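What follows is the residue order along each chain.
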Number of protein chains: 2
Amino acid sequence: MSGRHTRHDLERTADDDALRDLEKMWHDSPERDLRWHPGLDVHDLDCNSTPGYDGNKGDGEALVAAHAAELDDLQERLFAEGRSGGSRSVLLVLQGLDTAGKGGIVRHVVGLVDPQGVAHRAFGVPTEKEAAKGYLWRIRNALPTPGMIGVFDRSHYEQVLVVRVDELEPEETWRAHYDEINEFEAEVAASGTTIIKVALMVSRDEQKKRLTQRLERPDKYWKYNPADLKARRQFGAYLDAYQELLERTSTDVAPWHVVPADKKWFSRLAVSELLLAALRSLDLGWPPADFDVEEQKRLLAES
Amino acid sequence: MSGRHTRHDLERTADDDALRDLEKMWHDSPERDLRWHPGLDVHDLDCNSTPGYDGNKGDGEALVAAHAAELDDLQERLFAEGRSGGSRSVLLVLQGLDTAGKGGIVRHVVGLVDPQGVAHRAFGVPTEKEAAKGYLWRIRNALPTPGMIGVFDRSHYEQVLVVRVDELEPEETWRAHYDEINEFEAEVAASGTTIIKVALMVSRDEQKKRLTQRLERPDKYWKYNPADLKARRQFGAYLDAYQELLERTSTDVAPWHVVPADKKWFSRLAVSELLLAALRSLDLGWPPADFDVEEQKRLLAES
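This structure is a prediction, so every number in the text was calculated from the model and none was measured. (Residues numbered from 1 in each chain as written. Chains lettered and ligands numbered in written order. Predicted model: local features only at pLDDT ≥ 70, side-chain atom pairs only at ≥ 80, totals over all residues. Heavy atoms only, no water.)

*Asks:* Looking at this model, I keep getting lost on the overall build of chain A. Mind explaining?
*Replies:* In terms of regular secondary structure, chain A is built from 14 helices and 5 strands. The C-alpha radius of gyration of chain A comes to 21 Å, within 12% of the 19 Å expected for a compact globule of 303 residues. Counting only C-alpha atoms and orienting by the principal axes, one finds that chain A spans roughly 70 × 45 × 40 Å. The 303 residues of chain A split such that 55% are buried. Excluding contacts between residues fewer than 6 apart, the proportion of contacts in chain A whose partners are at least 24 apart in sequence is 83%. Entry remark: accessible area of chain A is about 13100 Å², with carbon and sulfur atoms responsible for 47%. Of note, chain A has its 40 positive side-chain charges centred 6 Å away from the centre of its 54 negative side-chain charges. (Helix = DSSP H or I, 4+ residues; strand = E, 2+ residues; numbered from the N terminus. Rg over C-alpha atoms; globule rule 2.2 N^0.38 Å. Buried < 20%, exposed > 50% of the residue type's maximum accessible area, 1.4 Å probe, protein only. Contact = heavy atoms within 4.5 Å. Areas by Shrake-Rupley, 256 points an atom, 1.4 Å probe, with all protein chains shown as cover. Lys, Arg positive; Asp, Glu negative; His and termini not counted. Charge placed at Lys NZ, Arg CZ, Asp CG, Glu CD.)

Pasting the structure below:
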């Protein structure tokens, strides 16, 4: 749990000047520095790089810690709004190859906020029932309700990733999903959900290192699956699939962010900052009282 | 977030001797010290007391911090087991009057473990569809799957609390629920779920203080509901309902724990310790590899 930080840490380590210094290590802003743009090809990405960010590991961890209290506060405002008739929510979509660190993001970044305000869902191979309902059915059912931060560990995008690479559907079928997904996400965004899409990109070498570690520690065996080797043989095909996915489904209402993930501290910083930026963009206040405060004070005093 | 602690805190504050000293402040063990027993009448309970525990606030917070790493570790083992074919899970049922601190427990205690392993569910007034399905339907649907820690903020017990106090069902109907609930929980326990039931008991005076605070801070208005005053007028009726609930549904497979909640630090300590005790009782190991580790190492090295 070493990546978790508390308000206490914040008070101890970061005064306002220090925070500003930490924030300035982003060239522009995390959401602009990491946003996918035409010309960004994942085949050429240095997964060990920290695009748009000049700080080192210590700086990055300090910034996550320094922003934790604000993240927590904004999440509570969002939750309060949802409980008071608001319709807005946030959805964080995490995609990445095996060992890219989706689980660590959930533990260390999503773990920074109140569990009451988080709806986390990991999507595995669809059950028969789910498959019969169409791939968006279980996704729709898992969308965050008002006030919540939804977190998808894998998502509808598997339909143009594993489904494509393993040829689980004919090409014309999975190719149709790009437009379907864009329409679906436009609808979700229009209903009040801010969508943050993150592609965590781990290198083939780093993946080997992480898989090897799982085989060296009996407390990590459960995370290892012999099928991971198959996906390693398909690494290039997955990169092709990611590239087309980015080109076809990075839209104004639901842009993709490409996050190099060989440095765990950087991917955690990046997602934490993207989540914070999304919450800040909502300009969240506190819901006004829908009752007469003074009258209630009087009634309560008498009670 | 001041109640959250990290492994880092643990390393800093608690060596093994200090931990033992902290643990010794329980007379016996939290699960025995807090377990409801015949003769324990909630009408007479001192909600500001710390039954079975001799420590003060600092001691209690230090113990939560010192146990956080173990809680985290055991939760991961449970999760690993669930991912490896195991069937066991844990269910924490939180009940309590308004302002008793259920939300704070979730934030500060449940927030200590990985969000991936937690299935949190808050039960409000049933929707029309839910009501039509019978009160246990939505409960069954929310039971933790293997490997998960389920957390119920309110539960099927509302059927013998608010339903009884507000006379939403005839007496013979809600009275039948005690046996139904016992049968249901026996079935849930038999399927591999360890059930921890906690009744958080706040005093009428402390409740008034907490409600008053909500009216004094605009960032807390959203937590205030004028209907809370009605429940205050029914305080005695709720105590009667809690007392009968404890007497009728504290069973060997799903015992109730009565936790005085006027001291927030104590209720958080108590629930954290009860959760830890439940996880310890499962004697959780790490799942063995279901593949040939050496062969996989060789294949991975070549990949």
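That covers the picture; the talk isn't over yet.
*Asks:* What is the right way to read the interface of chain A and chain B from this model?
*Replies:* Size of an interface, as often reported, equals the accessible area lost when the parts are brought together. Each partner contributes residues to the interface: chain A has 52 residues there, and chain B has 52 residues. Together chain A and chain B conceal approximately 4700 Å² of surface at their shared face, both sides included; 63% is due to carbon and sulfur atoms. The interface formed by chain A and chain B includes 6 salt bridges. Taken together, the elements giving at least two residues each to the side of chain A that touches chain B come down to helix 1 (7-13), helix 4 (57-83), helix 5 (102-108), helix 10 (204-216), helix 11 (227-233) and helix 14 (293-302) of chain A. Along the lines of polarity and charge, the residues of the side of chain A that touches chain B split into 24 nonpolar, 11 polar and 17 charged. (Buried area = accessible area lost by both parts, 1.4 Å probe. Salt bridge = Lys/Arg side-chain N within 4 Å of Asp/Glu carboxyl O. Nonpolar A, V, L, I, M, F, W, Y, C, P; charged D, E, K, R; others polar.)

*Asks:* I'm lost on helix 10 (residues 204-216) of chain B in this one. Help?
*Replies:* Every α-helix carries 3.6 residues per turn, so stepping three or four residues along brings you back to the same face. With 13 residues, helix 10 of chain B should reach 18 Å at 1.5 Å per residue; the first-to-last C-alpha distance of 19 Å fits that figure. Along helix 10 of chain B, the positions that sit buried rather than exposed are B:Glu206, B:Gln207, B:Arg210, B:Leu211, B:Arg214 and B:Leu215. Buried residues along helix 10 of chain B sit against helix 14 of chain A together with helix 11 (227-233), helix 12 (235-249) and helix 13 (264-281) of chain B. (Expected span 1.5 Å × (residues − 1).)

*Asks:* Can you help me understand the sheet that holds strand 2 (residues 118-122) of chain A in this one?
*Replies:* The pairing of strands in a sheet comes from backbone hydrogen bonds and takes either a parallel or an antiparallel form. All names here are of chain A. The strand order 2-3-1-4-5 describes an open sheet built from 5 strands, whose pairing is parallel. If you trace the sheet from one side to the other, it starts and ends with strand 2 and strand 5 (256-260), each paired once. Each strand of the sheet is rotated relative to its neighbour by a mean of 20°, with strand direction disregarded. Relative to strand 3 (residues 149-153), strand 2 runs parallel, the two sharing 5 bridges. Bridge pairing in strand 3 places Arg121 opposite Phe152. (Pairing = 2+ DSSP bridges. Axes fitted to C-alpha atoms, helices over the stretch in contact; angles between N-to-C directions.)

*Asks:* Can you walk me through the relation of the copies chain A and chain B in this structure?
*Replies:* The operation relating the two chain copies consists of a rotation about an axis and a shift along that axis. With an RMSD of 0.0 Å, the operation that places chain A on chain B is a rotation of 180° combined with a shift of 0.0 Å along the axis. The transformation just described matches what one would write down for a two-fold rotation axis. Of the interface residues in chain A, 100% have counterparts in chain B that sit at the interface too, so the contact is made through matching surfaces. (Least-squares fit on C-alpha atoms with pLDDT ≥ 70 in both.)

Geometric descriptors of this kind do not, in isolation, establish any biological role.
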